[in-house]
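Notes for the structure review
So you can see what is in the structure, the chains are spelled out below.
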Amino acid sequence: MMLITALLALSPNAHALELRWWGVGPNVGTIAIPGKYPIALPEVAQGEVDKAKGDVEVGARGVLYPSGNGRLFGLGTLGFGTSGWGQQEFTLGWDQVIIKDEEFQLLFGAGIGVGHERFKDKGNDDYLNVNYFPIRAQLGALLRDRVRAYQIDIYGLYHIVGGQEYCLSKLDSACTSGKDGGGLIAGAVYAGLGAEATIYFGDFRSKGKDGGGKKKKD
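What comes next is a walk through the structure. (Residues numbered from 1 in each chain as written. Predicted model: local features only at pLDDT ≥ 70, side-chain atom pairs only at ≥ 80, totals over all residues. Heavy atoms only, no water.)

Brief notes about the nonpolar core
Core analysis: the largest hydrophobic core is formed by 15 residues, its most contacted members being Tyr37, Val49, Phe119, Leu128, Val130 and Tyr190. If you list the elements that add at least two residues to this core, you get β6 (127-144) and β7 (148-167). Those residues in contact with valine 130 that lie beyond four places of it in its chain are Gly115, His116, Glu117, Phe119, Val161, Gly163, Gln164 and Tyr190. Counting residues in each nonpolar core, the second largest holds eleven residues, with Tyr65, Phe73, Leu75 and Val97 among its members. (Core = buried A, V, L, I, M, F, W, Y, C linked by side-chain atoms within 4.5 Å. Buried < 20%, exposed > 50% of the residue type's maximum accessible area, 1.4 Å probe, protein only. Helix = DSSP H or I, 4+ residues; strand = E, 2+ residues; numbered from the N terminus. Contact = heavy atoms within 4.5 Å.)

Looking at the packing of aromatic side chains
Overall, the coordinates contain five aromatic pairs when judged by the stated rule. Measuring from ring centre to ring centre gives 6.0 Å for tyrosine 37 and tryptophan 85, while their planes differ by 70°; the resulting arrangement is edge-to-face. With tyrosine 37 in the loop between β1 (21-33) and β2 (56-65) and tryptophan 85 in the loop between β3 (70-80) and β4 (86-101), this residue pair connects regions lying 48 residues apart in the sequence. Residue tryptophan 85 is classed as buried on the basis of its relative accessible area of 3%. By way of ring pairs, the aromatic residues Tyr37, Trp85, Phe119 and Tyr190 are connected into one cluster. (Phe/Tyr/Trp six-rings, centres within 6.5 Å; stacked < 30°, edge-to-face > 60°.)

Focus: a nonpolar patch on the surface
Where nonpolar side chains cluster on the molecular surface, the patch consists of Ile98, Ile99, Phe104, Phe108, Leu139, Leu143, Tyr150, Ile154, Ile199 and Phe201 and spans about 920 Å² of accessible area. Relative to the elements of secondary structure, phenylalanine 201 occurs in strand β9 (residues 191-203). Residue phenylalanine 201 is classed as partly exposed on the basis of its relative accessible area of 44%. (Patch = residues over 30% accessible without salt bridge, like charges linked within 9 Å, V, L, I, M, F, W, Y side chains within 5 Å. Areas by Shrake-Rupley, 256 points an atom, 1.4 Å probe, with all protein chains shown as cover. Salt bridge = Lys/Arg side-chain N within 4 Å of Asp/Glu carboxyl O.)

Remarks on unusual backbone geometry
Peptide bonds are trans in most cases, and residues, glycine excluded, mostly fall at negative phi. Here the amide bond leading from isoleucine 33 into proline 34 is cis, since omega sits at 0°, within 30 degrees of zero. Structurally, proline 34 is set in the loop between β1 and β2. In this chain, tyrosine 37 is followed by proline 38 through a cis amide linkage whose omega measures 5°. Structurally, proline 38 can be placed in the loop between β1 and β2. The phi angle at glutamate 102 is positive, at roughly 55°, despite the residue not being glycine. Here glutamate 102 shows up in the loop between β4 and β5 (104-120). The partly exposed category is assigned to glutamate 102, whose relative accessible area is 36%.

Any link to function would need more than the numbers given here.
Right, here's the structure in full:
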């Protein structure tokens, strides 16, 4: 329900919305391109910490449809990688329904949020902390019944760095921090393409007439 509350908060007139559909459920995804994320680490960390590979992201997504043609979404994820990479991220955004045929929808959307990720070196204690603002665009296909919906997406991501910290050990005195000191920005490209799937549980029943007066099928 926290996702639903966050989505409602996006609208100043949320109390007046007559919601058409809603749902919340588990989400799983992976960054497919590049094979090792990110495209490039900052210069100071190149060769010192490992890129993420074999990653998986798990979390929850909630959606609210104020109308039949668009929806608000909230997505919270935790990411894990075989190289010791870890990520926490929360994104809010909007999806537009571009094709709708009874129980099927094709959607295009975008969102922005906040996140944190850490890259490690398996051989020693070196690590890179990155606080960022994720921007994502997505194309998804959804199939619904009365109380569930199933969605698959392909998405593009880009992380705007808010701050980074590179540490040679677990001691704070061995860390370099800041937005541009020590090569912490130079050379870094946090971007990629991924795929994900979501199962929603909620209310996806057709409610009376849709727009032009055509009665919708359950």
